[in-house]
Amino acid sequence: MVPIKDAPGHIERMLTRDGHDTDFVRQALTAFGSASEGKEIEVSRNVSAINWPTHKVELDLSSSVPLSELLLVKIAYEFLALMSGSALCNDTLQLNEIRHVLRCNKRESDAFQIERLFAPQYAPFHGLCFEENDPYVKIQIRLFGKLAYRVHFRRLGFNGPKIVYTHNLKSREEDVREYGAEPHKSQRG
């Protein structure tokens, strides 16, 4: 999928790579250029194309469909696992309850509560944060800077540092730190 202005170049490269001569490529590009919007055309035996009317692809984050609460619980639980190590594997009633919720795809449970939050504008990062243990564990999940969810684990306590993890979507840098500590960054390729 490429912007419509870049499509002819991509089609030409694919056809040339497949061994088609200049005349064939020219005819295929003419056929693509005259194709109706939204209609798929076969430009060769191996290449089909659709002239979609879209010039720019963007995420639509305005949807009223919320993220799955179980997905949010799973993300928060995995973040706790990273912070606590093997302690999250303990055989306790509270941990077993969360594991049961996740294993059985149980959407209704008073073991957790999801609170939806909003920032004023989007920003190019995702983040996770162990907010506090008052009176129970709260993990914040932030997506695109603006969409945020606080997962309340109503019967879990965690005795550890308050950790913040962010992933900058533009620079691909990751930042892991305790509240108030200097950032420790790594970069992914």
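Scope of this entry: the structure provided in the associated data block. (Residues numbered from 1 in each chain as written. Predicted model: local features only at pLDDT ≥ 70, side-chain atom pairs only at ≥ 80, totals over all residues. Heavy atoms only, no water.)

**Re the nonpolar core**
- Ranked by internal contacts, the top residues of the largest apolar core, which has 26 residues, are Leu-80, Val-137, Ile-139, Val-151 and Phe-153.
- Among the secondary structure elements, those contributing two or more residues to this core are α3 (69–84), α4 (93–103), β3 (112–118), β4 (125–133), β5 (137–143) and β6 (147–153).
- Tallying contributions element by element places α3 first for this core, with seven residues.
- Non-local contacts of Phe-153, meaning those with residues more than four positions away in its chain, are made with Val-73, Ala-76, Tyr-77, Leu-80, Ile-98, Ala-111, Phe-112, Tyr-136, Val-137 and Ile-139.
- Counting 11 residues, the second-largest nonpolar core is a separate cluster that includes Leu-15, Val-25, Ala-35 and Ala-49. (Core = buried A, V, L, I, M, F, W, Y, C linked by side-chain atoms within 4.5 Å. Buried < 20%, exposed > 50% of the residue type's maximum accessible area, 1.4 Å probe, protein only. Helix = DSSP H or I, 4+ residues; strand = E, 2+ residues; numbered from the N terminus. Contact = heavy atoms within 4.5 Å.)

**Looking at the packing of aromatic side chains**
- If you walk through the whole model with that rule in mind, you get zero aromatic pairs.
- Across from the ring centre of Tyr-136, 5.2 Å away, lies the NZ or CZ of Lys-138, which sits over that ring.
- One Lys or Arg, Lys-146, reaches over the ring of Tyr-122 and ends 4.9 Å from the middle of that ring. (Phe/Tyr/Trp six-rings, centres within 6.5 Å; stacked < 30°, edge-to-face > 60°. Lys NZ or Arg CZ within 6 Å of the ring centre and 35° of its normal.)

**Quick look at the layout of surface pockets**
- Taken as a whole, the second largest pocket holds about 180 Å³ of empty space.
- Taken together, 13 residues form the lining of the second largest pocket, with Ala-87, Leu-88, Leu-95, Leu-156 and Gly-157 sitting closest to its centre.
- Among the residues making up the lining of the second largest pocket, the classes are represented as seven nonpolar, five polar and one charged. (1 Å grid on protein atoms, 1.4 Å probe; cavity = no way out; pocket = protein on both sides within 12 Å on 5 of 7 lines; lining within 4 Å. Points joined across faces, edges and corners; volume = space filled by probe spheres on them. Nonpolar A, V, L, I, M, F, W, Y, C, P; charged D, E, K, R; others polar.)

**Things to note about the pairing of strand β7 (residues 163–168)**
- Note: β4 against β7, five bridges, orientation antiparallel. Each residue of the ladder has a partner; that of His-126, found in β7, is His-167.
- The sheet contact formed by β7 and strand β8 (residues 173–178) spans five bridges and is antiparallel. From the neighbouring strand, Val-164 faces β8, where its bridge partner is Arg-177.
- Here β7 folds back onto β8 in antiparallel fashion, the turn holding four residues, of which Arg-172 has a positive phi close to 65°. (Pairing = 2+ DSSP bridges.)

**Considering the pattern of salt bridges**
- Taken as a whole and assessed by the stated rule, the structure comprises seven salt bridges.
- Between Arg-26 and Asp-23 there is a salt bridge, with the nearest N and O atoms lying 3.1 Å from each other. Taken together, the residues Arg-26 and Asp-23, both in helix α2 (residues 22–33) and three residues apart, mark about one turn of the helix.
- Among the charged side chains, a salt-bridge network with shared partners connects Glu-97, Asp-110 and Arg-155. (Salt bridge = Lys/Arg side-chain N within 4 Å of Asp/Glu carboxyl O.)

**Describing α3**
- Over its 16 residues, α3 runs 22 Å from end to end, which matches the ideal 22 Å to within 8%, given 1.5 Å per residue.
- Within the sequence span of α3, burial applies to Leu-70, Leu-72, Val-73, Ala-76, Tyr-77, Phe-79, Leu-80 and Ser-84.
- Buried residues belonging to α3 abut α4, β3, β4, β5, β6 and β7. (Expected span 1.5 Å × (residues − 1).)

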